[in-house]
Amino acid sequence: MIDLGAAVRLIASCTDAGGVPANADSVTLTLTLPDGTTTSPAVTNPPTVVGQYSVDYTATQPGRHTVHWQFAGPAAAYADVFDVRPTDPGFLFSLADAKKHLNVAAGSTGDDDEIRDWSAATTWIVEHFVGPVARRSVTERHSFTTADTRVLRHTPAIALTSVVPVLAGGHSYDPADLDLDPDTGIVQRLDGGVLYGPLRFNYTAGRAQVRANITGAGRIILQHLWRTQRGSARGPVIAGGDDYAVSEPVAGIGYAIPNRALELLEPDRLPPGLA
């Protein structure tokens, strides 16, 4: 995973039909960016390394990038992908906090990228149960015709940005004329009237302050996931035991959630159907 604005080195080797490295008569690298556009940066071939080509590309868009190398003379091709994090990846806790909990020395940087990847996975798991943690902008369509209230799909919901019609000629609503319940996501008109749709709701979801039970559960989940990197030293997965014990699977997630983490998340669990 690459950070937005960082450089990523893309490398490919050209080989002939027999698998022997060979310099190509021509080579093209095509990058397909997350927005669907493509770019073909200039490729370099170190004179001392036969058949090896590289590009240092600076990531300008968050999301999935596809990489396609095409060689001619000899004919060869190579495809790959890489992902770019947004400016705010929305991690539940910082890299420093994650390393401290995992007992990784602050000056040891060899595992930093892997720890951040596991932090991202931990954040996703926690938000599966309690909704958005980091603030984010959400856009969602509600395809009703008329209704007294609407329920936003991502809670807690901090504030409405705009409510606009999906169809031409539809009615827009000023957020100042609407009431939003942050915990339930229920939106209704202050004058008691109905909402005419379909409508597109733009709003901010997340938490201004993250409760200690949520971050505590996240640390336990992170530790549990990190132990998969320690091989047999992590011990068996059984009921009882320490804080990382898992006695039963969670629908859609399996055995990724230790019992103690579930207990800590329980006070902030989303109502059924909103996970």
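See above for the structure.
Note that the coordinates shown come from a computational prediction; the quantities given were computed from them, not determined experimentally.

A. Region of the structure containing the sheet that holds strand 4 (residues 38-39). Strands sit in the order 1-7-6-3-4 across an open sheet of 5 strands; the sheet is mixed. Where the open sheet ends on each side, the last strands, each with one partner, are strand 1 (2-3) and strand 4. Of the strand pairs in this sheet, strand 1 and strand 7 (residues 76-85) are connected by 2 bridges, and their pairing is parallel. Following the sheet pairing, Ile 2 is matched in strand 7 by Val 84.

B. Quick look at the pairing of strand 13 (residues 186-189). Relative to strand 13, strand 10 (residues 149-151) is paired through 3 bridges, and the arrangement is antiparallel. If you follow Val 151 over to strand 13, its bridge partner there is Ile 186. Pairing between strand 12 (residues 178-180) and strand 13: 3 bridges, direction antiparallel. Opposite Asp 179, over in strand 13, you have Gln 188 as the bridge partner. The turn joining strand 12 and strand 13, which pair antiparallel and follow one another in sequence, is formed by 5 residues; a positive phi near 75° is taken by Gly 185.

C. Focus on unusual backbone geometry. Between Gly 73 and Pro 74 the backbone carries a cis peptide bond, its omega angle lying at 10°. Considering the arrangement of structural elements, one finds Pro 74 in the loop between strand 6 (63-72) and strand 7. Put simply, Gly 197 and Pro 198 share a cis peptide bond, and its omega is 5°. Relative to the helices and strands, Pro 198 is located in the loop between strand 14 (195-196) and strand 15 (199-205). Although it is not a glycine, Asn 103 adopts a positive phi angle of roughly 60°. On the secondary structure map, Asn 103 appears in the loop between helix 1 (95-101) and helix 2 (112-130). Under the relative-accessibility criterion, Asn 103 is labelled exposed at 71%.

Thresholds applied
- Residues numbered from 1 in each chain as written.
- Predicted model: local features only at pLDDT ≥ 70, side-chain atom pairs only at ≥ 80, totals over all residues.
- Heavy atoms only, no water.
- Pairing = 2+ DSSP bridges.
- Helix = DSSP H or I, 4+ residues; strand = E, 2+ residues; numbered from the N terminus.
- Buried < 20%, exposed > 50% of the residue type's maximum accessible area, 1.4 Å probe, protein only.

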